[in-house]
Amino acid sequence: MHQQPYDPAAEPPAAPARILVVDDDPTVAEVVAGYLDRAGYRVDRAGDGPAALARADAHRPDLVVLDLMLPGMDGLEVCRRLRVRGPVPVVMLTARGDEDDRILGLEVGADDYVTKPFSPRELVLRVESVLRRTRPAPAPRPPSAAGLTVDPAARRATKHGTELALTLREFDLLAFFLRHPGRAFSREELMREVWGWDFGDLSTVTVHVRRLRGKVEDDPARPRLIRTVWGVGYRFDATGREAD
């Protein structure tokens, strides 16, 4: 997995991130919590949806590891309700390999997903990658083009002065496009540069581009900003002019 270099001396030490692990299988929850604990995180656990929401209200987590299949209230509904409470990164766990389930998780705001059975070490790496993306990226001034502006320090994006409701991954994708206007990127390049992965399901990129278009384009069915470059991938057109 591709990782960006990080200099811990460049900023003061931060408190360990708090991770909420939500899984109704005690064995899975114990193993996941153990690996995260050894990786230096503070870990809370919950066995169902209502308990997860109560834990999140009591101690706001920095990230949630959330099982899709939960009794009573499934992981998708838990994710929706967490999003109502405020932005928090979510790594979804699913025992199903069906692509529709993964896309559903992304649609409700999950930032990543891991299919069971999984390697606990891989899960820790995924957690680290998502958390790394939430750190403010240094920039001399907020990137802007075509009426869109992103402020990395505040994790805030606006269109013509109106704030956009973006997930963490959508924000990172928009910021990347604004920093590289006019250049076409393949889905593999976007996954590497924005996601920080050297491998993965490319449909993840497609889903996030579609969702981002729905929030930044005047007409998502005829995008003028995030253009599809057939046979290549996507390009951000800062002019926003209609294609010839």
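Owing to the predicted nature of the structure, the values given are computational and were not obtained by experimental measurement.

K.L.:
Explanation requested: the sheet that holds strand β9 (residues 162-163) in the structure shown.
P.N.:
Note: strands within a sheet are paired through backbone hydrogen bonds, in either parallel or antiparallel orientation. An order of β6-β7-β8-β9 is seen for the four strands of this open sheet, with the pairing classed as antiparallel. Both edges of this open sheet fall to β6 (144-145) and β9, since each of them pairs with a single strand only. Along the sheet face, helix α6 (residues 168-179) touches β6, β7 (148-151) and β8 (156-159) and points at about 115° away from the line of β7.

K.L.:
Please clarify how the environment of Ile226 should be interpreted in this entry.
P.N.:
Positionally, Ile226 belongs in strand β11 (residues 226-229). Sequence separation between Ile226 and Leu212 is 14 residues, and the spatial gap between their C-alpha atoms is 8.8 Å. Contacts of Ile226, omitting those with residues within four sequence positions, involve Phe177, Val209, Leu212, Arg213, Val216, Glu217, Tyr234, Arg235 and Phe236.

K.L.:
Which parts of the structure should I look at to understand the pairing of strand β3 (residues 63-67)?
P.N.:
Remember that side chains alternate between the two faces of the sheet whenever the strand is regular. By the criterion of burial, β3 is predominantly enclosed, with five of the five residues buried. Burial of the side chains of β3 extends over both faces: Leu63, Val65 and Asp67 are buried on one face and Val64 and Leu66 on the other. Pairing of strand β1 (residues 18-22) with β3 involves four bridges; the strand directions are parallel. Its bridge partner lying in β3, Ile19 is registered against Leu63. Where β3 and strand β4 (residues 90-94) come together, four bridges link them in parallel fashion.

K.L.:
Mind showing me how you'd approach the sheet that holds strand β10 (residues 184-186) here?
P.N.:
The three strands lie next to each other as β10-β12-β11, forming an open sheet whose pairing is antiparallel. Strands with a single pairing partner mark the edges of an open sheet, and in this sheet they are β10 and β11. Pairwise comparison of adjacent strand axes, ignoring direction, gives a mean angle of 35° for this sheet. As paired elements, β10 and strand β12 (residues 233-236) share three bridges and run antiparallel to each other. By the bridge assignment for β12, Ala184 is matched with Arg235. Across the sheet, helix α7 (residues 187-195) is in contact with β10 and β12; its angle to β10 comes to roughly 85°.

Calculation rules
- Residues numbered from 1 in each chain as written.
- Predicted model: local features only at pLDDT ≥ 70, side-chain atom pairs only at ≥ 80, totals over all residues.
- Heavy atoms only, no water.
- Pairing = 2+ DSSP bridges.
- Helix = DSSP H or I, 4+ residues; strand = E, 2+ residues; numbered from the N terminus.
- Contact = heavy atoms within 4.5 Å.
- Axes fitted to C-alpha atoms, helices over the stretch in contact; angles between N-to-C directions.
- Buried < 20%, exposed > 50% of the residue type's maximum accessible area, 1.4 Å probe, protein only.

Spatial relationships are all this shows, so hold off on functional conclusions.
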